[in-house]
Amino acid sequence: MKDFDLSLYLVLDPILCADLGMVETTRAAIAGGATIVQLRDKHAPTAAMIETGRALKQILHGSNARLIVNDNVEAAIAIGADGLHIGQEDINAADARRMIGPEMILGLSVETEALASAIDASIVDYAGVGPVFATPTKPDHKQPIGLDGLARIVGLCPVPTVAIGGLKAEHAANVLTAGADGLAVVSAICGTPDPQAATAFIANAIKEARR
Ligand SMILES: Cc1ncc(COP(=O)(O)OP(=O)(O)O)c(N)n1
Ligand SMILES: Cc1nc(C(=O)O)sc1CCOP(=O)(O)O
Ligand SMILES: [Mg+2]
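Residues numbered from 1 in each chain as written. Chains lettered and ligands numbered in written order. Predicted model: local features only at pLDDT ≥ 70, side-chain atom pairs only at ≥ 80, totals over all residues.

In the annotation of an unreviewed UniProt entry, the entry for the chain reads Thiamine-phosphate synthase, and the organism field reads Rhizobium lusitanum. Recorded in UniProt under Pathway (unreviewed entry), the annotation for the chain is "Cofactor biosynthesis; thiamine diphosphate biosynthesis; thiamine phosphate from 4-amino-2-methyl-5-diphosphomethylpyrimidine and 4-methyl-5-(2-phosphoethyl)-thiazole: step 1/1." The annotation that UniProt attaches to the chain under Function (unreviewed entry) is "Condenses 4-methyl-5-(beta-hydroxyethyl)thiazole monophosphate (THZ-P) and 2-methyl-4-amino-5-hydroxymethyl pyrimidine pyrophosphate (HMP-PP) to form thiamine monophosphate (TMP)." (UniProt positions renumbered as here; feature names shortened; annotations may be inferred.)

If you want it as structure tokens, here you go:
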């Protein structure tokens, strides 16, 4: 059984993090209680992804948080990341698993009940389910599923799930009630005036929702 905690999953965005930078934003988010950090930079060349990923790995060292790389299998392997996240339009999950080996965490995005039912739990370790709400952070996002859609999709996933898309601290209770194991956020942390406090605020909402 792989050891990872989806509770508060930070997805980095280089534009939103521009002031502080992705590395310092991550340092703050880890101090605030983020449990997973995803390096997501849709336009960075592989060499730049690897450089940033190595810096992030140093920051996460000594914490229980995990480092996941979005889309780029080569970078994930070169960084020695804990995992890789792919979507339905990225590399096929079985091919990704063959490339990253059995130990790395593999996350897969699912947007529909059919895709949730099709997850092979011998290949995929968790599902990113969304978008729950519309969000300007990912202009090409799919049709929002809402909290009811989230509950239906999560109920069909044979693996742990993290909800994503337009989520803030105020959604923690509803997202957990829908059955997701955690919240993935970008703009609720990246680019806020105090990312450590923003992370701690969401972490506390999750903790309260679980009481
Ligand atoms: C945790 C998590 N869930 C979903 C996504 C979206 O992945 P994808 O559909 O491949 O879109 P891009 O992020 O690659 O634009 C994610 N990155 N993380
Ligand atoms: C990276 C990503 N993936 C999504 C999906 O639905 O698959 S939504 C999204 C961006 C979420 O950003 P914010 O927390 O700022 O709304
Ligand atoms: Mg992708």
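**Some details on the site of ligand 2**
Near ligand 2, the surroundings consist of 17 residues, among which Gly-130, Pro-131, Thr-135, Thr-137 and Ser-187 are the closest. In the shell around ligand 2, the residues fall into seven nonpolar, nine polar and one charged. (Near = placed C-beta within 6 Å. Nonpolar A, V, L, I, M, F, W, Y, C, P; charged D, E, K, R; others polar.)

**Some thoughts on the site of ligand 1**
Near ligand 1 lie 18 residues; those nearest to it are Gly-87, Ser-109, Gly-128, Ile-164 and Ala-184. Put simply, the parts of the chain that give the shell around ligand 1 at least two residues each are β1 (8-11), β4 (83-86), β5 (105-110) and β7 (161-164). In terms of residue class, the shell around ligand 1 is built from six nonpolar, seven polar and five charged. (Helix = DSSP H or I, 4+ residues; strand = E, 2+ residues; numbered from the N terminus.)

**Examining unusual backbone geometry**
A cis amide bond, omega 0 degrees, links Gly-130 with the succeeding residue Pro-131. Positive phi outside glycine occurs at Asp-71, with the angle close to 70 degrees. Topologically, Asp-71 is positioned in the loop between β3 (66-70) and α3 (73-79). Of the residues examined, Asp-71 has 19 C-beta atoms within 10 Å and is grouped as partly exposed. (Buried ≥ 20, exposed ≤ 12 C-beta atoms within 10 Å, placed from the backbone.)

**Some thoughts on helix α8 (residues 195-210)**
Spanning 16 residues, α8 covers 23 Å between terminal C-alpha atoms, matching the ideal 22 Å at 1.5 Å per step. Listed in full, the buried residues belonging to α8 are Pro-195, Ala-198, Thr-199, Ile-202, Ala-203 and Ala-205. In an axial view of α8, the angular spread of the buried residues amounts to 155 degrees, which keeps them on one side of the axis. On its buried side, α8 packs onto β1, α1 (22-32), α7 (172-177) and β8 (182-185). (Expected span 1.5 Å × (residues − 1). Arc of directions from axis to C-beta. Contact = placed C-beta atoms within 7 Å.)

**Re the sheet that holds β8**
Within the closed barrel, the eight strands sit side by side as β1-β2-β3-β4-β5-β6-β7-β8. Their pairing is parallel. Ignoring strand direction, the axes of neighbouring strands in this sheet form an average angle of 25 degrees. The pairing of β1 with β8 spans three bridges and is classified as parallel. Residue pairing for β8: Tyr-9 is matched across the bridge by Ala-184. (Pairing = 2+ DSSP bridges. Axes fitted to C-alpha atoms, helices over the stretch in contact; angles between N-to-C directions.)

**Concerning the environment of Asp-41**
Residue position: Asp-41 is located in the loop between β2 (36-39) and α2 (46-60). With 21 C-beta atoms packed within 10 Å, Asp-41 lands in the buried category. Remark: the alpha-carbon pair of Asp-41 and Asp-71, spanning 30 residues in sequence, is separated by 9.1 Å. Once you skip the residues sitting within four places of it in the chain, Asp-41 turns out to touch Pro-14 and Met-49.

**Details of the confidence of the model for the chain**
Per-residue pLDDT for the chain averages 97, and the proportion of residues at 70 or more is 100%. Across the predicted assembly, pTM comes out at 0.98 and ipTM at 0.99. (pLDDT = per-residue confidence, 0-100.)

**So, the pairing of β4**
Side chains Gly-83 and His-85 project from β4 onto one buried face, and the interleaved Leu-84 and Ile-86 project onto a second face that is buried too. Two elements, β3 and β4, share three bridges in a ladder whose sense is parallel. Of the residues in β4, the one forming a bridge with Val-69 is Leu-84. In this region the chain leaves β3, passes through α3 and returns to the parallel neighbour β4; the handedness of that crossover is right-handed. In terms of strand pairing, β4 meets β5 through four bridges, oriented parallel. (Right-handed = clockwise from strand over helix to strand, strands pointing away.)

**Notes on the packing of α1 against α8**
Their axes nearest at 7 Å, the elements α1 and α8 cross at an angle of 35 degrees. Seen along the crossing, α1 lies across α8 with a hand that is right-handed. When α1 is examined against α8, the residues Thr-25, Ala-28, Ala-29, Ala-31 and Gly-32 are found in contact with a partner set consisting of Pro-195, Gln-196, Ala-197, Thr-199, Ala-200 and Ala-203. Here the contact of α1 with α8 is composed, by residue class, of seven nonpolar, four polar and no charged. (Left-handed = near helix turned anticlockwise from the far one by under 90°.)

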